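Coordinate analysis (summary)
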Amino acid sequence: MNIKTLSLPLFLTTLSLNAWALVDYSEAVPENKLSPANKSSMQLQASRQESKSLIWKSDFSFNTNYEALEIDSEKVGVLNLNTHLQTPVNIYVDATYWNAQTKGSSQSGNPKVIIGFNWLRFGGPSDEARLDIYGGAKLPGSSQLASSRTDKIFGVETTKRFGTFGLGLGYDMTLTGPPKKSQDMSIGNINRITISGGWMVSNDIQFEMEVENFKINQSGDTARSNYLMRSISFSTLSPKLNLTIAPAVSLELGARFRTNRPKNDQDLATAKLFDLHGAYSNSLFAGLNLNL
């Protein structure tokens, strides 16, 4: 399928490690050196901070990301909008939306919504280990670039901090639905494995490396004229640099490189899997992150 007859969608950003706030560099003051007035003031501040942590927007982030890639020798720009809301009851919500621009058109893709649960947490701020489980859906779109499927997503992710370093492992499965449009390819379920590592160089500089592996299984709906007859597997390597440029605002720079190219990647265009990182080409991206 000629990609020029479609326009292109956006890569999503799924759920891997974000900016690494791994260490608190503030110095603690010994309690025996505090005057009664200072102790009272610190207790009041701690009480206020505890109350503030119960506000629903106490952990909210909004990320914009522009990614440049190439498909069938055509340059495509994808604008990603991502939001993350962590509630005080160990439940978080992620929502993503994208818009792709080619020379001749500008079209949006499939919205995605994820609800996650902070299932387990161990340790302090510098050595915390956590386990999250999540589920959600990728909704159908009406544009030529968007898939007409409704896909369900289930996954698990674990992270561990080692001082200024961090490690994350994740797995999720996308249960693909039947396409509503006859021109869309029917595909099987999608498996994704992620390995992420982060290093907090300083309060203003964080570095992250992420490896993703995708497997798109062949379709079991052989009654359709357009279905994936063979499974497709590929992996990507993505280095990222996060620079704090103002309080609560950071700049993210990164790239995605395919470590291996799918043998039958021509099928990916009609399958409309533009949200899978590295599905079509290597890419560069940059964006601004707002964290409240």
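Residues numbered from 1 in each chain as written. Predicted model: local features only at pLDDT ≥ 70, side-chain atom pairs only at ≥ 80, totals over all residues. Heavy atoms only, no water.

Some words on the overall build of the protein
Test applied: The helix count covers DSSP runs of H or I at least four residues long, the strand count covers runs of E at least two residues long, and both are numbered beginning at the N terminus. We call two residues in contact whenever any of their non-hydrogen atoms come within 4.5 Å of each other. Note that accessible areas follow from Shrake-Rupley with a 1.4 Å probe, and for residues the cover is restricted to the protein chains shown.
When helices and strands are tallied, the protein shows two helices and 13 strands. A sequence separation of at least 24 residues applies to 60% of the contacts in the protein between residues at least 6 apart. Accessible surface computed for the protein: about 15,200 Å², of which carbon and sulfur atoms make up 60%.

A closer look at unusual backbone geometry
This is how it is decided: Type-normalised accessible area, obtained with a 1.4 Å probe on protein chains alone, sets the label of each residue: buried when under 20%, exposed when over 50%, and partly exposed for intermediate values.
Even without glycine at this site, Asn90 takes up a positive phi of about 60 degrees. Among the structural elements, Asn90 can be located in the loop between strand 2 (74-86) and strand 3 (91-101). Asn90 gets classed as partly exposed once you look at its relative accessible area, which sits at 39%. In this structure, Ala248 is a non-glycine residue whose phi angle is positive, near 70 degrees. Its location among the elements puts Ala248 in the loop between strand 11 (232-246) and strand 12 (249-260).

Observations regarding the confidence of the model for the protein
Note the cut-off: Every residue is assigned a pLDDT by the predictor, reflecting its confidence on a scale from 0 to 100.
For the protein, per-residue confidence averages 81 on the pLDDT scale, and residues scoring 70 or more make up 78% of the total. Counting contacts from residues 42-58, a segment whose pLDDT is below 50, to residues more than four positions away or on other chains yields 12 contacts.

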